[in-house]
Structures are given as structure tokens and as C-alpha cells.
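Here's the letter readout for the chains.
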Amino acid sequence: MSSVLDQKKQVVEEIRSKIKDAKSIVLVDYRGLTVEEVTELRKKCTEAGVEYKVYKNTMMRFAFKEEGYEAFNEFLAGPNAIAISKEDVVAPAKITSEFAKDHKNLEFKAGIVEGELVGIDKIKAIGELPSKEVLLTQIVIALNSPISKFARTIQAIVDKEPQEA
């Protein structure tokens, strides 16, 4: 009997360790998805460095409560899976949002973003954000534009000045 309890404690500790340092977590109801669709979603998550995992709700309740997210437990009913990222805040929401566009059976329930409990609307809004690489590219372009204009202006002044022999 104690070995079953020990196993459950290990699962709770595993969940705690994953959510403890997570940048973001998305809770989804995967009811209605086929095994192939869940496998496809899991593959997309893995490629992006996001862990997609199904745990028993009871185990998740204990783990979330111990980590101070007791309010999250109200969403733990029915078949649930969590997408967790320790690196990228946007990735779990983005991957699940894109997947949900083609697979209407995937339903959002709640999320945690940088320690804050968020609802479905915020998860979807985060999912619409451009990727980190795109944002960094936009920043570089925005920073480079004034410098380029300044350099062209200086070059035009140099080109207009009469050359002395």
C-alpha cells in the first residue's frame, strides 16, 4: 500500500518540479482528439521545447496547491493535459492556439503566465503574438532604420560638398 502512495508522491513531485520554474503553462481539454492528433500536438510541442503531458487531475491538484496556485484547481475537471515551457513564455499558448485552429476539439481551460493565473482570452491573445525570433528581428529593424537614415544623410552631405583639388 505504501508503494502506491510513494508512487503518487513521486508524480506530484514531478509535476511540482515542472511547474515551479515554468515561464508558462497552458491547461487544455483534449477530449475528442484522436491518438494521432494528440501525437501530432505532442510532437509540435517537443520541437518547440514545450512539454505536453497528461496527468491525473488529483495529482495536479496537489502539485498546483503546493506551488501556490490553488485557484488553478477549479479548472481541473475532465480529461486535461498541460503544456509547460521553462524557456519561452509564448510557446505553449502559440502552439496550442495554432493547433486548435485546425482541431476544434482542443479546448483551452486556463493558464499560468509568469506566475499569474490567466483565462482563455489571455491565452489566445498570447498565442497570437509573433515568435521570439520575429520580435527580435522587428526590434533590430526598428533600431537599424534611424541609423541607416542618419548614415545616408551624412553621405548625401559629403557627396554635395565641392571637391577641392
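Residues numbered from 1 in each chain as written. Predicted model: local features only at pLDDT ≥ 70, side-chain atom pairs only at ≥ 80, totals over all residues. Heavy atoms only, no water.

### Some details on the overall build of the chain
Okay, step 1: Broken down by element type, the chain carries six helices and five strands.
Okay, step 2: Sequence-ordered secondary structure for the chain, helices as α and strands as β, is α-β-α-β-α-β-α-β-β-α-α.
Okay, step 3: The C-alpha atoms of the chain give a radius of gyration of 23 Å, which is well past the 15 Å a tight globule of 165 residues would have.
Okay, step 4: Along the three orthogonal principal directions, the C-alpha set of the chain runs to about 100 × 30 × 25 Å.
Okay, step 5: Counting only residues that meet the buried cut, the chain has 33% of its 165 residues in that class.
Okay, step 6: Taking all contacts inside the chain whose residues are at least 6 apart in sequence as the whole, residues at least 24 apart take part in 78%.
Okay, step 7: Here the chain contributes 25 positive and 27 negative side-chain charges, whose respective centroids are spaced 4 Å apart. (Helix = DSSP H or I, 4+ residues; strand = E, 2+ residues; numbered from the N terminus. Rg over C-alpha atoms; globule rule 2.2 N^0.38 Å. Buried < 20%, exposed > 50% of the residue type's maximum accessible area, 1.4 Å probe, protein only. Contact = heavy atoms within 4.5 Å. Lys, Arg positive; Asp, Glu negative; His and termini not counted. Charge placed at Lys NZ, Arg CZ, Asp CG, Glu CD.)

### With respect to helix α5 (residues 120–127)
Okay, step 1: Of the positions making up α5, those classed as buried are Ile 123, Ile 126 and Gly 127. Down the axis of α5, the smallest arc covering the buried residues is 105 degrees, so these residues share one side.
Okay, step 2: On its buried face, α5 is in contact with β1 (24–29), α4 (91–102), β4 (107–113) and β5 (116–118). (Arc of directions from axis to C-beta.)

### Focus on the nonpolar core
One recurring pattern in soluble globular proteins: nonpolar side chains tend to sit buried together.
Okay, step 1: Core analysis: the largest hydrophobic core is formed by 22 residues, its most contacted members being Val 26, Val 28, Leu 41, Tyr 52 and Leu 106.
Okay, step 2: Of the residues forming this core, the biggest block, five residues, is contributed by α4.
Okay, step 3: Not counting residues within four places of it along the chain, the set of residues in contact with Tyr 52 comprises Val 28, Tyr 30, Val 38, Leu 41, Arg 42, Cys 45, Ala 81, Ile 82 and Ala 83.
Okay, step 4: With 18 residues, the next largest nonpolar core counts Val 12, Ile 15, Met 60 and Phe 72 among its residues. (Core = buried A, V, L, I, M, F, W, Y, C linked by side-chain atoms within 4.5 Å.)

### Some remarks on the pattern of salt bridges
Okay, step 1: This structure, assessed with the given rule, holds 12 salt bridges.
Okay, step 2: A salt bridge links Arg 16 to Glu 67; the shortest N-O distance between them is 2.9 Å. One end of the pair, Arg 16, is in helix α1 (residues 2–20); the other, Glu 67, is in the loop between α3 (57–66) and β3 (80–85), and 51 residues separate them in sequence.
Okay, step 3: You can call Arg 16 partly exposed: its relative accessible area is 22%.
Okay, step 4: In this structure, a network of salt bridges that share partners links the residues Glu 13, Arg 16, Glu 66 and Glu 67. (Salt bridge = Lys/Arg side-chain N within 4 Å of Asp/Glu carboxyl O.)

### Focus on the pairing of β4
Okay, step 1: Counted residue by residue, β4 has six buried out of seven residues, so it is predominantly covered.
Okay, step 2: One ladder, built from six bridges, connects β1 with β4; its direction is antiparallel. Directly across from Val 26, in β4, lies its bridge partner Gly 111.
Okay, step 3: Examined bridge by bridge, β4 and β5 share three bridges and lie antiparallel to one another. From the neighbouring strand, Val 113 faces β5, where its bridge partner is Glu 116. (Pairing = 2+ DSSP bridges.)

### Focus on unusual backbone geometry
Okay, step 1: Backbone geometry places Glu 114, a non-glycine residue, at a positive phi of 50 degrees.
Okay, step 2: According to the relative accessible area criterion, Glu 114 is exposed, its value standing at 60%.

### Focus on the environment of Tyr 69
Okay, step 1: Within the secondary structure layout, Tyr 69 lies in the loop between α3 and β3.
Okay, step 2: A sequence separation of 48 residues divides Tyr 69 from Leu 117, and the C-alpha atoms of the two residues are 7.8 Å apart.
Okay, step 3: With residues near it in sequence (within four places) discarded, Tyr 69 still touches Phe 64, Ile 112 and Gly 115.

### Re a nonpolar patch on the surface
Okay, step 1: Taken together, the side chains of Phe 150, Ile 154, Ile 157 and Val 158 present a nonpolar region at the surface, about 370 Å² in accessible area.
Okay, step 2: Relative to the elements of secondary structure, Ile 157 occurs in helix α6 (residues 132–160).
Okay, step 3: On the basis of relative accessible area, Ile 157 is assigned to the partly exposed category, the value being 44%. (Patch = residues over 30% accessible without salt bridge, like charges linked within 9 Å, V, L, I, M, F, W, Y side chains within 5 Å. Areas by Shrake-Rupley, 256 points an atom, 1.4 Å probe, with all protein chains shown as cover.)

### Looking at the side chain of Lys 18
Okay, step 1: With respect to the element layout, Lys 18 can be found in helix α1.
Okay, step 2: Lys 18 sits in the buried class, given a relative accessible area of 15%.
Okay, step 3: At a separation of 3.2 Å, a polar atom in the side chain of Lys 18 contacts the side chain of Tyr 55.
Okay, step 4: Lys 18 has contacts with Glu 51, Tyr 55, Ile 84 and Lys 86, leaving out every residue within four places of it along the chain. (Polar contact = N/O pair within 3.5 Å; in protein donor to acceptor, adjacent residues only side chain to side chain.)

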